[in-house]
Amino acid sequence: MQSELLKTTVRYSVYLPHGYESAQENYPIVYLLNGFTGNETDWISQGQLKTVVDQLIKGNKIEPLVIIMPDGDDRLYMNKDDGTYPYEDMFIKEFMPFVESTYKIKSDKKFRGISGLSMGGAGSLRLALKYHDLFGACAGFSSGISTEEQLMVESQKSFDDYFGRISPSVIGATGEDRITEAIREYNLFQLIETKPAEQLKTVKIYFDCGDDDFLAIGNSTLHIQLLKKGIPHEYRVRDGGHTWNFWIQSLPIGLEFISDTFRSGNKKL
């Protein structure tokens, strides 16, 4: 897709269910996001997506659906805070309308899900909850969420390489100076604290994390915050780390969770 906002071409991969070409009806959609340093091919080349989804549909575990995998471009699925690269605006205002006018897609929020791993897990949760009127369900795997205490002591290179992608002004910052408005917006906690609970409750939420994952504390903290605010959600901790082995196991769980919102609007795991 040619983006006017980004002045560049946005690449994406697409999964179409068997029978799509001849079907008369429209399909539910899931946007599936890649992690940091990945691209639009990751879920296919490393995540076994086609095999997993074909089997889920064949076994009636999920509804036949369209899955769209955009290149995250290491932009954290956010606008760059200096205004030079509005990835989030592109995704919401250009990419989604483009996709949903190009393919046979149901337009109701109930039939639109979003999911992803690591950077894409954080992106899927954040976009779904920020734009609660657009998404019916989200499923984040090993989501890139850290507490402010963790961010303040993260290695300089790691912090700069990651958050510098959305906020050049934080490069080189240390300690409390790292916790800028852009970083708070990325990390979900402020969004959940300030957004009306009734709006957050309109999105079905699932997320998981491995017990050996370096992001375990951040995900556990998100679980606790949602509990305190009374936001229904499903949170799972399984054996594993920040690996494709973990995410390949997460994918069918997340897709079943989202697909159940397509079927009934109510999920019980």
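Placed above this text is the structure.
This text gives an overview of the structure that appears in the document. All figures in this text were calculated on a predicted structure; none of them were measured in a lab.

Looking at the largest pocket, its volume works out to about 460 Å³. Around the largest pocket, the lining comprises 25 residues; the ones closest to its centre are Ser118, Tyr162, Phe214, Leu215 and His242. If you list the elements that add at least two residues to the lining of the largest pocket, you get helix H5 (148-153), helix H6 (156-163) and helix H11 (244-263). Among the elements that make up the lining of the largest pocket, the one with the highest residue count is H6 (four residues).

So, about the pairing of strand S9 (residues 234-238). Where strand S8 (residues 204-210) lies against S9, five bridges are found, and the strand directions are parallel. Bridge pairing in S9 links Gly210 to Arg238. Crossover handedness for the path S8 to helix H10 (residues 216-229) to S9: right-handed.

Tallying each qualifying case throughout the model produces 15 salt bridges. Taking the shortest distance from any N to any O, the salt bridge between Glu234 and Arg236 comes out at 2.9 Å. Given the relative accessible area of 18%, Glu234 is considered buried. For Arg236, a relative accessible area of 29% translates into the label partly exposed. Taken together, the shared-partner salt bridges in this structure form one network comprising Glu88, Arg126, Lys130 and Glu185.

Where helix H2 (residues 49-58) contacts H11, the two axes come as close as 10 Å, and the packing angle between them is 45 degrees. The angle between the axes of H2 and H11 places the two elements in the oblique class. Here H2 runs over H11; the crossing is right-handed. Each of Leu49, Val52, Val53 and Leu56 in H2 lies in contact with H11, whose residues at this interface are Leu251, Pro252, Leu255 and Glu256.

Our focus in this paragraph is H2. Among all positions of H2, only Leu49, Val52, Val53 and Leu56 are buried. Seen from one end, H2 has its buried residues packed into an arc of 90 degrees, which puts them on one side. Exposed residues on H2 whose side chains face more than 90 degrees from its buried face are Lys50, Gln55 and Lys58. Tucked inside the fold, the buried residues of H2 contact strand S3 (12-15), strand S4 (29-33), helix H1 (42-45), strand S5 (66-70) and H11. Of the residues flanking the end of H2, it is Asn60, one or two places downstream, whose phi is positive at about 60 degrees.

As a further point, take the nonpolar core. In this structure, Tyr31, Phe91, Phe95, Ile114, Phe135, Phe163 and Leu222 are the most contacted members of the largest nonpolar core, which totals 57 residues. In terms of residue count, helix H3 (residues 87-102) provides more of this core than any other element does, seven residues in total. Not counting the four nearest positions on each side in its chain, Phe95 is found in contact with Met1, Val10, Tyr12, Tyr31, Ile68, Pro70 and Met90. With 27 residues, the next largest nonpolar core counts Val53, Leu117, Ile248 and Phe262 among its residues.

Note on placement: Glu176 falls in the loop between H6 and helix H7 (181-186). Looking at Glu176, the relative accessible area reads 66%, which means it is exposed.

A regular strand places its side chains on the two faces of the sheet in alternate fashion. Most of S4 sits inside the fold, with five of its five residues counted as buried. Burial along S4 is two-sided: Ile29, Tyr31 and Leu33 and Val30 and Leu32, pointing in opposite directions, are all buried. Pairing between S4 and strand S6 (residues 112-117): five bridges, direction parallel. Opposite Tyr31, over in S6, you have Ile114 as the bridge partner.

About the thresholds
In this numbering scheme, every chain counts its residues from 1 along its sequence in written order. It should be noted that, the model being predicted, local features are given only for residues of pLDDT at least 70 and side-chain atom pairs only at 80 or more, the latter also being counted only at that level, while totals for whole chains, interfaces and linings use all residues. Calculated side-chain values reflect all of the structure's heavy atoms, with hydrogen atoms and water omitted. Cavity and pocket criteria rest on a 1 Å grid covering protein atoms alone: a 1.4 Å probe that fits but cannot get out defines a cavity, protein on both sides within 12 Å along at least 5 of 7 lines defines an open pocket, and an atom within 4 Å of a point defines a lining residue. Grid points are joined across faces, edges and corners, and a volume is the space filled by probe spheres set on the points. Secondary structure follows DSSP: runs of H or I at least 4 residues long count as helices, runs of E at least 2 residues long count as strands, and numbering of each begins at the N terminus. Pairing between two strands requires that DSSP report at least two bridges joining them. Orient the strands so they point away from the viewer, and a crossover whose first-strand-to-second-strand path over the helix runs clockwise is right-handed. Salt bridge, as used here, is a side-chain nitrogen of Lys or Arg placed within 4 Å of a carboxyl oxygen of Asp or Glu. We call a residue buried when its accessible area falls under 20% of the maximum for its residue type, exposed when it is over 50%, and partly exposed in between, using a 1.4 Å probe and counting protein chains only. Each axis is a line fitted through C-alpha atoms, and for a helix only the stretch in contact is used; angles between axes span 0 to 180 degrees, taken between their N-to-C directions. The labels follow the angle: roughly parallel below 35 degrees, roughly antiparallel above 145, roughly perpendicular from 65 to 115, and oblique for the rest. The hand of a helix crossing depends on one turn: near helix anticlockwise from the far one by less than a right angle means left-handed, and clockwise means right-handed. Note on contacts: a residue pair qualifies if any of its non-hydrogen atoms lie within 4.5 Å across the two residues. It is the directions from the helix axis to the C-beta atoms that the arc portrays. To form a nonpolar core, buried Ala, Val, Leu, Ile, Met, Phe, Trp, Tyr and Cys residues must be joined to one another through side-chain atoms within 4.5 Å.

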